[in-house]
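Per-entry structural report
Each chain, letter by letter, is given below.
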Amino acid sequence: MRVAVPKESRSGEKRVALVPDIINKLTRAGLEVIIESGAGVSAEFSDDQYAAAGATIKSGDVISGADVIASVQPLTPDQMKSLKKGAITISFLSPTTAVDSIEAAAGAGVTAISLELVPRISRAQSMDALTSQALCAGYKAALVGAELSPRFFPLLMTAAGTVTPAKVVVLGAGVAGLQAIATAKRLGAVVSAYDVRPASADEVKSMGAKFITLELEALEGAGGYAREMTEERAAKQRELLTPYISEADVLITTAAVPGRAAPRLVTAEMVATMAPGSVVVDLAAETGGNVEGTKPGEIVVTSHGVRMWGGKDVPSQLATHASMLFSRNVVNLLLLMASSVDGKPTGEITPDFSDEIIDSATLTFNGSRRTPEGAKK
Ligand SMILES: NC(=O)c1ccc[n+]([C@@H]2O[C@H](COP(=O)([O-])OP(=O)(O)OC[C@H]3O[C@@H](n4cnc5c(N)ncnc54)[C@H](O)[C@@H]3O)[C@@H](O)[C@H]2O)c1
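Heads up: these notes are all about the structure in this document. (Residues numbered from 1 in each chain as written. Predicted model: local features only at pLDDT ≥ 70, side-chain atom pairs only at ≥ 80, totals over all residues.)

1. Brief notes about the packing of helix α5 (residues 129-148) against helix α10 (residues 319-336)
Geometry of a packed helix pair, given as the angle between the helix axes and the separation of the axes. To be explicit about the condition: Where helices are involved, their axes are fitted lines through C-alpha atoms of the stretch in contact, as for all axes, and angles between N-to-C directions lie from 0 to 180°. Numbered from the N terminus, helices here are DSSP runs of H or I no shorter than four residues, and strands are runs of E no shorter than two. Oblique is the label for any angle not under 35 degrees, not over 145, and not in the 65 to 115 range, which are roughly parallel, roughly antiparallel and roughly perpendicular in turn. Handedness of each helix crossing follows the sense of rotation of the near helix against the far helix: counterclockwise by less than a right angle gives left-handed, clockwise gives right-handed. Each residue is represented by a C-beta atom placed from its backbone, and any two residues with such atoms within 7 Å are regarded as in contact. Asp, Glu, Lys and Arg are counted as charged, while Ala, Val, Leu, Ile, Met, Phe, Trp, Tyr, Cys and Pro are counted as nonpolar; the rest, among them Gly, fall into the polar class.
As a packed pair, α5 and α10 sit with axes 9 Å apart at the nearest point and diverge in direction by 170°. Classified by the angle between their axes, α5 and α10 sit roughly antiparallel to one another. The hand of the α5/α10 crossing is right-handed. On α10, the residues touching Ala129, Ser132, Gln133 and Cys136 of α5 are His321, Ala322, Leu325, Phe326 and Asn329. Split by residue class, the contact of α5 with α10 holds 5 nonpolar, 4 polar and no charged.

2. A word on the sheet that holds strand β6 (residues 111-114)
Operational definition: Strands were regarded as paired on the criterion that DSSP finds at least two bridges between them.
Strands sit in the order β3-β2-β1-β4-β5-β6-β18-β19 across an open sheet of 8 strands; the sheet is mixed. Each of the sheet's edge strands pairs with one partner strand only, and the pair in question is β3 (56-58) and β19 (368-369). Alignment of strand β1 (residues 2-5) against strand β2 (residues 32-36), held across 4 bridges, turns out to be parallel. Paired with Val3 across the two strands is Val33, which belongs to β2. Packed onto the sheet, helix α4 (residues 99-107) meets β5 (88-91), β6, β18 (362-365) and β19 and runs at close to 30° relative to β18.

3. Observations concerning helix α8 (residues 231-247)
Keep this limit in mind: Expected helix span is taken as 1.5 Å per residue step, with the number of steps being one fewer than the number of residues. Each residue is assigned a bend, namely the angle between axes fitted to the seven residues that terminate at it and the seven residues that start at it. Exposed residues have 12 or fewer other C-beta atoms within 10 Å of their own C-beta, buried residues have 20 or more, and residues in between are partly exposed; the C-beta atoms are placed from the backbone.
Taking 1.5 Å as the rise per residue, α8 with 17 residues should run 24 Å; its terminal C-alpha atoms sit 25 Å apart, in good agreement. If you look at α8, its biggest bend is around 45°, right at Leu241, and the proline Pro243 turns up within four residues after that. Considered for burial, the residues of α8 that qualify are Gln237, Leu241 and Ile245. On its buried face, α8 is in contact with β9 (167-171), β10 (190-194), β12 (250-253) and α9 (268-272).

4. Describing the sheet that holds β12
The strand order across the open sheet built from 7 strands is β11-β10-β9-β12-β13-β15-β14, with neighbouring strands paired in mixed fashion. Two strands lie at the open edges of the sheet, namely β11 (210-211) and β14 (299-301), each paired on one side alone. With respect to the sheet, α5 is in contact with β9, β12, β13 (279-282) and β15 (307-310), its orientation differing from that of β13 by roughly 155°.

So this is what it looks like as structure tokens:
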């Protein structure tokens, strides 16, 4: 079978779905790999590197004749319509936001696999692209906070006197939040964090950060994710968090609830309690923002001098490593579907819905819309 990687077309997307180093895992499984010329350039991978790794480089359309298409962003409806019947696409494909692409996949008789729907079980960790990309975003968030702050992060004892470490507060201690905590700690900041899931407290403490405990009910939902807050609880949470936020030199927010707009954790009034020169890094800016007033891709400076950075395409800002991790997720998922006879690869990719990972992640099979077996139970 032929696996194709088109050049990403969405503006701001610099990642590529397969990096050269991983191509041999697919060719060893009997698959042919076709890369659109220039597909890796924004992530710093040249056509020559792909060719040396055993891929075929082609200019222009690589997807219409392919059996499997790997991309970071979902294929557009027009791209879906150009695929051959029975082709398999693997990408981030959100059932709530990529509705048109999913409809087009169904119409074109295509099998659409969503990396967003890979279940959060141990066996699927190596295929979990939400996690690998959130990790990149969390790391970047801490660096942006340090870069925009006019203060040192670490404690410094100098001949000219002692510099106290920066105080960093992280709201949302999932994958991105924990990586932001770890990175800020490595830079020497004093870090505290809050999350609505009580399970996150131990993880925060294991990073050497302080967990902020609020007298509020926990909001642990299915699959280890958070649940949405009522407006009453949200208001109480904001009130209780205000003293921590006004003390912060850098506030990093990463809170999300799957399938919903980002919860509003911090109002403009709360930001106004922060000292001039403080920094807000809102990783949720693209999905509505955890902090009132942040704008994706912009630095907004408030009238009293707080710099608010709104995240946009954040994993793309680490395009090389984000692509490398993403590629591993894609290849691990593909190899899970690779057929073999007597231990020898046949070069075929066949979704097996008795496997919970494939069952959960496949939205359409040869054009038929699917409800995962797991969801029917
Ligand atoms: N394979 C696995 O087992 C696996 C892989 C990745 C993540 N996980 C787990 O999945 C969970 C979610 O991780 P994620 O980073 O994808 O989450 P996410 O991106 O959906 O949300 C980020 C964080 O925001 C928090 N949050 C939501 N509403 C909030 C609010 N109002 N105030 C404060 N915080 C709020 C969530 O609890 C979460 O920790 C975590 O428990 C994580 O450890 C498990």
